[in-house]
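In case you want the letters, here they are:
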Amino acid sequence: TRTFIGKDTSEIIYEEEPVFHAVHGVARLTKDGAAVSGDNFSFLEKEDGELVLSLSDGMGFGERACKESEMVVDLLERFVEAGFTKDTAIKMLNSAMVIHGEDDQYSTVDISSIDLYTGEVSFYKIGASATFIRHKNGNVECLLSTSLPVGVRFEIEIEQAKKQLADGDFLVMITDGVLEYLQTEQPEETLEEIISEIKTNHPGLMAKKILDQVMIYTGGEVRDDMTVLAAAIWEN
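What counts and how
- Each chain carries its own residue numbering, running from 1 in the written order of its sequence.
- Confidence filtering applies because this is a predicted model: local features only for residues at pLDDT of at least 70, side-chain atom pairs given and counted only at 80 or more, and all residues used for totals across whole chains, interfaces and linings.
- To obtain the side-chain values, all non-hydrogen atoms of the structure were used and water was disregarded.
- Note: two strands are recorded as paired if DSSP finds a minimum of 2 bridges between them.
- Only DSSP runs of H or I reaching four residues or more are called helices, and only runs of E reaching two or more are called strands; each is numbered from the N terminus.
- Helix axes are fitted to C-alpha atoms over the stretch in contact, other axes to C-alpha atoms as well, and angles between N-to-C directions run from 0 to 180 degrees.
- Throughout, a contact is declared for two residues whenever any of their heavy atoms are within 4.5 Å.
- Among the buried residues, those of types Ala, Val, Leu, Ile, Met, Phe, Trp, Tyr and Cys that are joined through side-chain atoms within 4.5 Å form a nonpolar core.
- Throughout this description, buried means an accessible area under 20% of the type-specific maximum (1.4 Å probe, protein chains only), exposed means over 50%, and partly exposed covers the range between.
- In this scheme, roughly parallel covers angles under 35 degrees and roughly antiparallel covers those over 145, while 65 to 115 is roughly perpendicular and the rest are oblique.
- Helix crossings fall into two classes, left-handed where the near helix is turned counterclockwise from the far one by less than a right angle and right-handed where it is turned clockwise.
- Classes in brief: Ala, Val, Leu, Ile, Met, Phe, Trp, Tyr, Cys and Pro nonpolar; Asp, Glu, Lys and Arg charged; the others, Gly included, polar.
- Here a helix's expected span is defined as the number of its residues, less one, multiplied by 1.5 Å.
- Method remark: on a 1 Å grid restricted to protein atoms, a set of points is classed as a cavity if a 1.4 Å probe fits but cannot get out and as a pocket if it is open with protein on both sides within 12 Å along at least five of seven lines; lining residues have an atom within 4 Å of a point.
- Grid points are joined across faces, edges and corners, and a volume is the space filled by probe spheres set on the points.
- Working definition: a ring pair exists when centres of Phe, Tyr or Trp rings (six-membered ring for Trp) sit within 6.5 Å. Plane angles under 30 degrees give stacked, over 60 give edge-to-face, the rest tilted.
- To sit over a ring, a charge needs its Lys NZ or Arg CZ within 6 Å of the ring centre and within 35 degrees of the ring normal.
- Patch membership requires over 30% relative accessible area and the absence of a salt bridge. Like charges are linked within 9 Å, and nonpolar side chains (Val, Leu, Ile, Met, Phe, Trp, Tyr) within 5 Å.
- Surface accessibility follows the Shrake-Rupley procedure with a 1.4 Å probe radius. Residue values consider only the protein chains on display as shielding.
- Salt bridge, as applied in this entry: a Lys or Arg side-chain nitrogen positioned within 4 Å of an Asp or Glu carboxyl oxygen.
- His is not counted here, nor are the chain ends, while Lys and Arg score as positive and Asp and Glu score as negative.
- Here the site of a charge means NZ on Lys, CZ on Arg, CG on Asp, or CD on Glu.

J.: Looking at this structure, how should I read the sheet that holds strand β1 (residues 20-29)?
T.: Strand pairing in a sheet is mediated by backbone hydrogen bonds. Such pairs are either parallel or antiparallel. Pairing is antiparallel across the open sheet formed by five strands, whose spatial order is β1-β10-β9-β6-β7. For this open sheet the edge positions go to β1 and β7 (140-143), each flanked by a neighbour on one side alone. Here the average twist between neighbouring strands, direction ignored, is 15 degrees. As defined by bridge partners, strand β9 (residues 170-174) adjoins strand β10 (residues 226-235) across five bridges and the pair is classed as antiparallel. Looking at the pairing, Leu 171 lines up with Ala 231 of β10. The sheet strands contacting helix α5 (residues 203-217) are β1, β6 (131-134), β9 and β10, and the helix crosses β1 at an angle near 30 degrees.

Structure, rendered in structure tokens:
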């Protein structure tokens, strides 16, 4: 809508909007008697339409575990923002932790990377707890990890998977404190049932309701740090 056309040329760049937009939330509980949580997390939405959710559980509890997992999440975010692939970022982080590491100071790494143009989500897990996908129809999928945490040894096994998300799907990431004290023979299946029965479209409320239900199973005791990250995508 220029009112005057001069001799100078102008360059106009059109960028396609992502197909989906994401909303995320978190709920946390700190272990009884501990001053701070040993779990740390981040949500990073990049300009290229990628949403990166990171979650780390420092071994043990309290301030020492908090500092360890905080370093993991901070370095991961810095590496990803700098343009490194997730594999490279995790390997660099692991090498740094092995060199820097102290005895018994290890941390889990749990990354979910959502492409908001396609709805495809990539998972990267090292020693991490289960991740759940609740589809719009109520069905729940569970992804498990069996690898060791970062900082244990130089050679690291990165467990990867890809899944397709659709309009209205939820992604739920947790630390192991959420599962370990459910006191059921198959805690993953129990949590699947809990997630499938929660009726809400609000990720923050979803995370809170999950912890509320877990606390019923634990008798109100928080025996380990508990963190639940939830994200949902909808078509624009």
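J.: Sorry, what's going on with the nonpolar core here?
T.: What tends to happen in soluble globular proteins is that the nonpolar side chains get buried as a cluster. Core analysis: the largest hydrophobic core is formed by 25 residues, its most contacted members being Phe 132, Ile 174, Val 178, Leu 191, Ile 210 and Val 228. Where this core is concerned, the elements lending two or more residues are β9, α3 (176-180), α4 (187-197), α5 and β10. When sequence neighbours within four positions are dropped, the list of residues in contact with Phe 132 reads Val 140, Glu 141, Cys 142, Phe 170, Leu 171, Val 172, Ile 174, Glu 188, Leu 191, Glu 192 and Ile 195. Core analysis: the next-biggest nonpolar cluster, separate from the first, contains 17 residues, Phe 20, Ile 133, Met 173 and Ile 233 among them.

J.: Looking at this structure, I do not really get the packing of α4 against α5. What am I missing?
T.: Two packed helices can be described by the angle between their axes and the distance between those axes. Viewed as axis vectors pointing N to C, α4 and α5 meet at an angle of 130 degrees, and their least axial separation amounts to 10 Å. Classified by the interaxial angle, the pair formed by α4 and α5 is oblique. Between α4 and α5 lies a crossing of right-handed hand. The residues of α5 that touch α4, namely those facing Thr 190, Leu 191, Ile 194 and Ile 195, are Met 206, Ile 210, Gln 213, Val 214 and Tyr 217. Among the residues making up the contact of α4 with α5, the classes are represented as seven nonpolar, two polar and no charged.

J.: Could you clarify how one ought to interpret α5 in this entry?
T.: For an α-helix the count is 3.6 residues per turn, leaving residues at separations of three or four pointing the same way. Taking 1.5 Å as the rise per residue, α5 with 15 residues should run 21 Å; its terminal C-alpha atoms sit 22 Å apart, in good agreement. Three or more residues of α5 are buried, namely Pro 203, Gly 204, Met 206, Ala 207, Ile 210, Leu 211, Val 214 and Met 215. Of the surrounding elements, those touching the buried residues of α5 are β1, β6, β9, α3, α4 and β10. The first or second residue beyond α5 is Gly 219, which carries a positive phi of 70 degrees.

J.: I would appreciate a short explanation of empty space enclosed by the protein in the present structure.
T.: Here the idea is plain: a probe the size of a water molecule rolls over the atoms and shows the empty space left. What the rule picks out here adds up to one cavity of 30 Å³ or more. In this model, the largest cavity occupies a volume close to 50 Å³. Taken together, Leu 55, Ser 56, Asp 57, Thr 108, Asp 110, Gly 127, Ala 128, Ser 129, Ile 174, Thr 175 and Asp 176 make up the full set of residues lining the largest cavity. With three residues, the single largest contributor to the lining of the largest cavity is strand β3 (residues 50-57). Classifying every residue of the lining of the largest cavity gives three nonpolar, five polar and three charged.

J.: Explanation requested: the packing of aromatic side chains in the structure shown.
T.: Any pair of aromatic rings gets described here by the distance separating the centres and the angle formed by the planes. The full count for this structure, using the stated rule, is three aromatic pairs. With centroids separated by 5.9 Å and ring planes inclined at 85 degrees, the aromatic side chains of Phe 79 and Phe 84 adopt a geometry described as edge-to-face. Residue Phe 84 is classed as partly exposed on the basis of its relative accessible area of 37%. Seen in terms of ring centroids, Phe 170 and Trp 234 are 6.3 Å apart; in terms of plane orientation they differ by 85 degrees. Their pairing is edge-to-face. Linking Phe 170 in strand β9 with Trp 234 in strand β10, this pair joins segments that are 64 residues apart in sequence. The lysine or arginine in question, Arg 134, covers the ring of Phe 170, its NZ or CZ lying 4.8 Å from the ring centre.

J.: I'm lost on a negative patch on the surface in this one. Help?
T.: A cluster of acidic residues, Glu 15, Glu 16, Glu 17 and Glu 47, forms a negative patch at the surface. Take Glu 47: it is sitting in the loop between β2 (39-45) and β3.

J.: So what exactly am I meant to see when it comes to the side chain of Arg 134 here?
T.: Structurally, Arg 134 is set in strand β6. The charged side chain of Arg 134 is buried without a salt bridge, its nearest counter-charge being Asp 169 at 7.5 Å. Those residues within four positions of Arg 134 in sequence are excluded, and the remaining contacts are Asn 139, Val 140, Gly 168, Asp 169, Phe 170, Ile 195, Ser 196, Ile 198, Thr 200 and Met 206.

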